[in-house]
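# Architecture at a glance
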Amino acid sequence: MNSRGSGIIRNVDNNYFMKMALGLAEKGLGFTSPNPMVGAVIVKDGTVVGKGYHKAVGEAHAEINAIDDAESSAAGGTLYVTLEPCNHTGRTLPCTLKNCRGRYKKSRCCNERSQSQC
C-alpha cells in the first residue's frame, strides 16, 4: 500500500519519488565530475526500500548503491533513477548487470544518456 492508502502508485507518487532521487543526486555535487550527478530510489508497495547516489568518480553508481541499500527488498519494486543506467565498463562495471539482478518490476528514468556508449 502506498502512503495514500491504495496499492496503486499514481503519477503524483511517481513525481514524489523522482524528486527524492533528484535530491539524492545533488549530494554528489562537486565529487562526481566528469561523471554526472545521479540519484536512485527503489520503492516497493509505496514504501522506499533503498536509496543511493553517485558519491564520487570511480565509485559505485547511484542505482548500485540503491540496490545494495535495499538488499533483497528490491525484488518486485520500482527503481526511480535520474539518468538511464550505463551499459559499458569503465571505472566500474555496467549498472545494467546489477540492475538485472535487482529484480525490480519497473524502472522510471527522468533522462536518457546522450553518450553513444551507453
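Reference entry: report on the structure contained in this document.

Reading the values: rules and limits
All chains use their own residue numbering, which begins from 1 and follows the written sequence. Whole-chain, interface and lining totals are the exception, using all residues; otherwise, since this is a predicted model, local features are given only for residues with pLDDT of at least 70 and side-chain atom pairs are given and counted only at 80 or more. Think of the side-chain values as coming from all heavy atoms in the structure, minus any hydrogens and water. Only runs of H or I of at least four residues qualify as helices and only runs of E of at least two qualify as strands under DSSP, and these elements are numbered from the N terminus. For every residue, the accessible area obtained with a 1.4 Å probe (protein chains only) is divided by the maximum for its type, and the residue is called buried under 20%, exposed over 50%, and partly exposed between those limits. We call two residues in contact when some of their heavy atoms are within 4.5 Å. Working definition of accessibility: Shrake-Rupley area with a 1.4 Å probe, residue cover restricted to the visible protein chains. Put simply, two rings from Phe, Tyr or Trp (the six-membered ring, in Trp's case) pair if the centres are within 6.5 Å, and we call them stacked under 30 degrees between planes, edge-to-face over 60, tilted for the rest. Nonpolar cores are built from buried Ala, Val, Leu, Ile, Met, Phe, Trp, Tyr and Cys residues. Side-chain atoms within 4.5 Å join them into one set. The rule for pairing is simple: two strands pair if DSSP sees at least two bridges between them. Where helices are involved, their axes are fitted lines through C-alpha atoms of the stretch in contact, as for all axes, and angles between N-to-C directions lie from 0 to 180°.

## A look at the overall build of the chain
- Within the chain, the secondary structure is distributed over 3 helices and 4 strands.
- Scored against the burial criterion, the 118 residues of the chain give a buried share of 40%.
- Of the contacts formed within the chain by residues at least 6 apart in sequence, a portion of 64% connects residues at least 24 apart.
- About 6900 Å² of surface is accessible on the chain, with carbon and sulfur atoms providing 49% of the total.

## Here's the deal with the packing of aromatic side chains
- In this structure the tally under the stated criterion is 2 aromatic pairs.
- Summarising the aromatic geometry, the rings of Phe-17 and Tyr-80 are spaced 5.4 Å apart at their centres and angled 45 degrees between planes, so their arrangement reads as tilted. Separated by 63 residues along the polypeptide, Phe-17 in helix H1 (residues 11-25) and Tyr-80 in strand S3 (residues 78-81) bring together distant segments of the chain. As far as burial versus exposure is concerned, Phe-17 and Tyr-80 are alike and both buried.
- Three or more aromatic residues joined by ring pairs form one cluster here, namely Tyr-16, Phe-17 and Tyr-80.

## Structural notes on the nonpolar core
- Residues Val-38, Ala-40, Ile-42, Ala-62, Ala-66, Ile-67, Ala-70, Ala-74, Leu-79, Val-81 and Leu-83 constitute the largest nonpolar core, which totals 11 residues.
- Elements supplying a minimum of two residues to this core: strand S1 (39-44), helix H2 (62-70) and S3.
- No other element matches H2, which puts 4 residues into this core.

## Re the environment of Gly-30
- Inspection of the secondary structure assignment puts Gly-30 in the loop between H1 and S1.
- Of the residues examined, Gly-30 reaches a relative accessible area of 72% and is grouped as exposed.

## Observations regarding the sheet that holds S1
- Spatial strand order, S2-S1-S3-S4: 4 strands in an open sheet with mixed pairing. On the outer flanks of this sheet lie strand S2 (47-53) and strand S4 (106-109), each paired with one strand and no other. Adjacent strand axes in the sheet meet at a mean angle of 15 degrees, parallel and antiparallel pairs treated alike.
- As defined by bridge partners, S3 adjoins S4 across 4 bridges and the pair is classed as parallel. Among the inter-strand pairings, Val-81 is bridged to a residue of S4, identified as Cys-109.

## Here we look at the pairing of S2
- Note: S1 against S2, 6 bridges, orientation antiparallel. Of the residues in S2, the one forming a bridge with Ile-42 is Gly-50.
- The loop that links S1 with its antiparallel partner S2 comprises 2 residues; one of these, Asp-45, has a positive phi angle of about 55 degrees.

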